[in-house]
Amino acid sequence: MEIITYHDAEKHILEHYGTKKQELQAVQELTELILLLAARPDQRGDNYEQNILSELADVQIMCEQIQIMHKISNKDIADMKSYKLRRQLARIDKEDEEE
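Asks: Let's hear about the overall build of the protein chain: which residues, and what values?
Replies: Of the regular secondary structure elements, the protein chain holds four helices and zero strands. When the helices and strands of the protein chain are read in sequence order from the N terminus, they spell out α-α-α-α. For the C-alpha atoms alone, the extent of the protein chain along its principal axes is close to 60 × 40 × 25 Å. Sorting the 99 residues of the protein chain into buried and exposed places 17% on the buried side. Sequence separation of 24 or more characterises 58% of the internal contacts of the protein chain that already satisfy a separation of 6 or more. Accessible surface for the protein chain amounts to roughly 8,200 Å². Of this, 56% is attributable to carbon and sulfur atoms. Across the protein chain, the centroid of the 13 positively charged side chains sits 7 Å from that of the 21 negatively charged ones.

This is how it looks when you write it as structure tokens:
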């Protein structure tokens, strides 16, 4: 099968393995990123930046598959990110006023 877009590839993989298996895979990929970020600086190794890149790519792929599973549009994601960023910036402004 020739796959042209990331979305097509992610959808094909999801259809092949199924929702439950890919949800578990998402947990595994998120765990790997968490463990990498939680490592002490002296335990990170020489390839730390490359490992972060690799794990971020894995996590993004899995998040996009979750998005497909739950029929969440890119607009929905963008709107939620915008809301959350504005909310956090308002919190920062409030903290700055209190100092």
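Asks: Just give me the short version of unusual backbone geometry, but keep the residues and values in it.
Replies: Among all residues except glycine, the phi angle is most often negative; among peptide bonds, the trans geometry is most common. Backbone geometry at Lys71 places phi at a positive 55 degrees, although glycine is not the residue there. When you line up the elements, Lys71 lands in the loop between α3 (48–69) and α4 (74–98).

Asks: Kindly report on helix α1 (residues 6–17), identifying the contributing residues and their values.
Replies: Here α1 spans 17 Å end to end across twelve residues, near enough to the 16 Å set by a 1.5 Å rise per residue. Following α1 by one or two positions, Gly18 has its phi on the positive side, about 95 degrees.

Asks: Which residues make up the pattern of salt bridges, and what values go with them?
Replies: Within the structure shown, the criterion is met by two salt bridges. In this structure, Arg40 engages Asp42 in a salt bridge whose closest nitrogen and oxygen atoms are separated by 3.1 Å. A relative accessible area of 61% places Asp42 in the exposed class. With a shortest N-O distance of 2.7 Å, Asp79 and Lys75 are connected by a salt bridge.

Asks: Any details on the packing of helix α2 (residues 19–38) against α3? Residues and values, ideally.
Replies: At a minimum axis separation of 9 Å, α2 and α3 run at an interaxial angle of 150 degrees. Put simply, α2 runs roughly antiparallel to α3. The two elements α2 and α3 meet at a crossing, and its hand is left-handed. The residues of α3 that touch α2, namely those facing Thr19, Gln22, Glu23, Gln25, Ala26, Glu29, Leu30, Glu32, Leu33, Leu36 and Leu37, are Tyr48, Asn51, Ile52, Glu55, Leu56, Asp58, Val59, Met62, Gln65, Ile66 and Met69. The class makeup of the residues in the contact of α2 with α3 is twelve nonpolar, five polar and five charged.

Scoring rules and cut-offs
Residues numbered from 1 in each chain as written. Predicted model: local features only at pLDDT ≥ 70, side-chain atom pairs only at ≥ 80, totals over all residues. Heavy atoms only, no water. Helix = DSSP H or I, 4+ residues; strand = E, 2+ residues; numbered from the N terminus. Buried < 20%, exposed > 50% of the residue type's maximum accessible area, 1.4 Å probe, protein only. Contact = heavy atoms within 4.5 Å. Areas by Shrake-Rupley, 256 points an atom, 1.4 Å probe, with all protein chains shown as cover. Lys, Arg positive; Asp, Glu negative; His and termini not counted. Charge placed at Lys NZ, Arg CZ, Asp CG, Glu CD. Expected span 1.5 Å × (residues − 1). Salt bridge = Lys/Arg side-chain N within 4 Å of Asp/Glu carboxyl O. Axes fitted to C-alpha atoms, helices over the stretch in contact; angles between N-to-C directions. Parallel < 35°, antiparallel > 145°, perpendicular 65-115°, else oblique. Left-handed = near helix turned anticlockwise from the far one by under 90°. Nonpolar A, V, L, I, M, F, W, Y, C, P; charged D, E, K, R; others polar.

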